[in-house]
Amino acid sequence: MKKIFALAVAAVLAVGMAVPARAQYYEIANQLSGLISPALSGSMQYRGFVEASGLAGMGKNRANFLGVSTSQGFQYSSWFFMGVGMGIDVAMANQDDRYGEWAPDEWNYGGTAKTKCMIPVFTDFRFRIGNDTSVSAYIDLKLGAAWLLGDDDLMMKTAYISNETQFYFRPSIGVRIPINSQTPKQAVNVGLTYQLLTSNNNYTYRHDNSVTLNNLGLTVGFEW
């Protein structure tokens, strides 16, 4: 009897969960069609962003970053933007308390620098909760590659960041504030930003080629 009761309860729960799940899948399907239709019809709205950021380094090998970037693309729906962009950052390495066994001049055949410029190139995905006319929240994901300018490597505490290709990942979460009631596309964005740079083209004093930089900071931008 207990087994029959348990099976009955499980069946009721399965049916109860299936109904909202079907409704959710139906809603997602409708949203996807809303993304595809503007792309096919050519009715997508152009949108541009320019951002300035300051990011502090975290971890043993770290660098602080100051930079600007721009993204250009299309608003596929009220909640989704996709575009491409690039920027220029200044990376300033932290070399405090360097390790005694760290002797870079003995095996590094190129030059080194404590400060370098970096060029990131990325695809930008932005998701928004709200509309153009009111204060809203956003999540932004930048995904691409970055390169240090020049021949010199960026000398860290116990590692080098080379000028070869670096994987670039930069998510942000923040608030969008409209500033023009006549043109609601114009807004200021303020967000908390994390940045990840990593590559197996880098190297440490232990000859480990995988070096990762983690940063956290603020981004302020203008949208039009």
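Per-chain numbering applies: the sequence of each chain, read as written, is numbered from 1 onward. Per-residue local features are limited, in this predicted model, to residues with pLDDT of at least 70; the limit for side-chain atom pairs, both in listing and counting, is 80 or more; totals at the level of whole chains, interfaces and linings are taken over all residues. The basis for every side-chain value is the complete set of heavy atoms in the structure, and neither hydrogens nor water enter the calculation.

Asks: Where do I start with the overall build of the chain in this structure?
Replies: Each helix corresponds to a stretch of at least 4 residues labelled H or I by DSSP, and each strand to a stretch of at least 2 residues labelled E; elements are numbered beginning at the N terminus. For the chain, the helix and strand inventory stands at one helix and 12 strands. Secondary structure of the chain in N-to-C order comes out as α-β-β-β-β-β-β-β-β-β-β-β-β. Burial status across the chain gives 38% buried among its 224 residues. Two residues qualify as a contact provided that any one of their heavy atoms is within 4.5 Å of a heavy atom in the partner residue. Within the chain, residue pairs in contact and separated by at least 24 positions form 67% of the contacts whose partners lie at least 6 positions apart. Between buried and exposed lies partly exposed: a residue is buried under 20% and exposed over 50% of the maximum accessible area for its type, with that area taken using a 1.4 Å probe on protein chains only.

Asks: It is not clear to me how the sheet that holds strand 6 (residues 136-148) should be interpreted in this structure. Could you clarify?
Replies: One key point about sheets: their strands pair by backbone hydrogen bonds, in either a parallel or an antiparallel sense. By this definition, two strands are paired if DSSP reports at least two bridges between them. The antiparallel closed barrel is built from eight strands, whose spatial order is 1-2-3-5-6-9-10-12. Direction aside, neighbouring strands of the sheet carry axes that sit 25° apart on average. Pairing between strand 10 (residues 187-199) and strand 12 (residues 211-223): 13 bridges, direction antiparallel. Across the sheet, Val188 pairs through a bridge with Phe222, a residue of strand 12. Orientation is described by axes fitted as lines to C-alpha atoms, over the contacting stretch for helices, and by angles from 0 to 180 degrees between their N-to-C directions.

Asks: So what exactly am I meant to see when it comes to the packing of aromatic side chains here?
Replies: Think of a pair of aromatic rings as described by two things: how far the centres are apart, and how the planes are tilted against each other in angle. Two rings from Phe, Tyr or Trp (for Trp, the six-membered ring) form a pair when their centres sit within 6.5 Å of each other. Planes less than 30 degrees apart are called stacked, planes more than 60 degrees apart edge-to-face, and all others tilted. Enumeration over the complete set of coordinates arrives at seven aromatic pairs. Ring centres of Tyr76 and Phe80 lie 5.9 Å apart, and the angle between their planes is 45°; on these two criteria the pair is classed as tilted. Each of the two residues, Tyr76 as well as Phe80, counts as buried. An angle of 20° between the planes, with centres 6.0 Å apart, marks the rings of Phe122 and Tyr168 as stacked. You can see Phe122 sitting in strand 5 (residues 115-129) and its partner Tyr168 sitting in strand 9 (residues 166-178), a full 46 residues away along the chain. With respect to class, Phe122 is no different from Tyr168; both count as buried. The rings of Tyr76, Trp79, Phe80 and Phe127 are connected pair by pair, giving a single aromatic cluster. Only lysine NZ and arginine CZ atoms are considered, and such an atom sits over a ring when it is within 6 Å of the ring centre and within 35 degrees of the ring normal. Lying over the aromatic face of Phe49, Arg126 brings its terminal NZ or CZ to 4.2 Å of the ring centre. Against the face of Tyr138 rests Arg126, its NZ or CZ located 4.6 Å from the ring centre.

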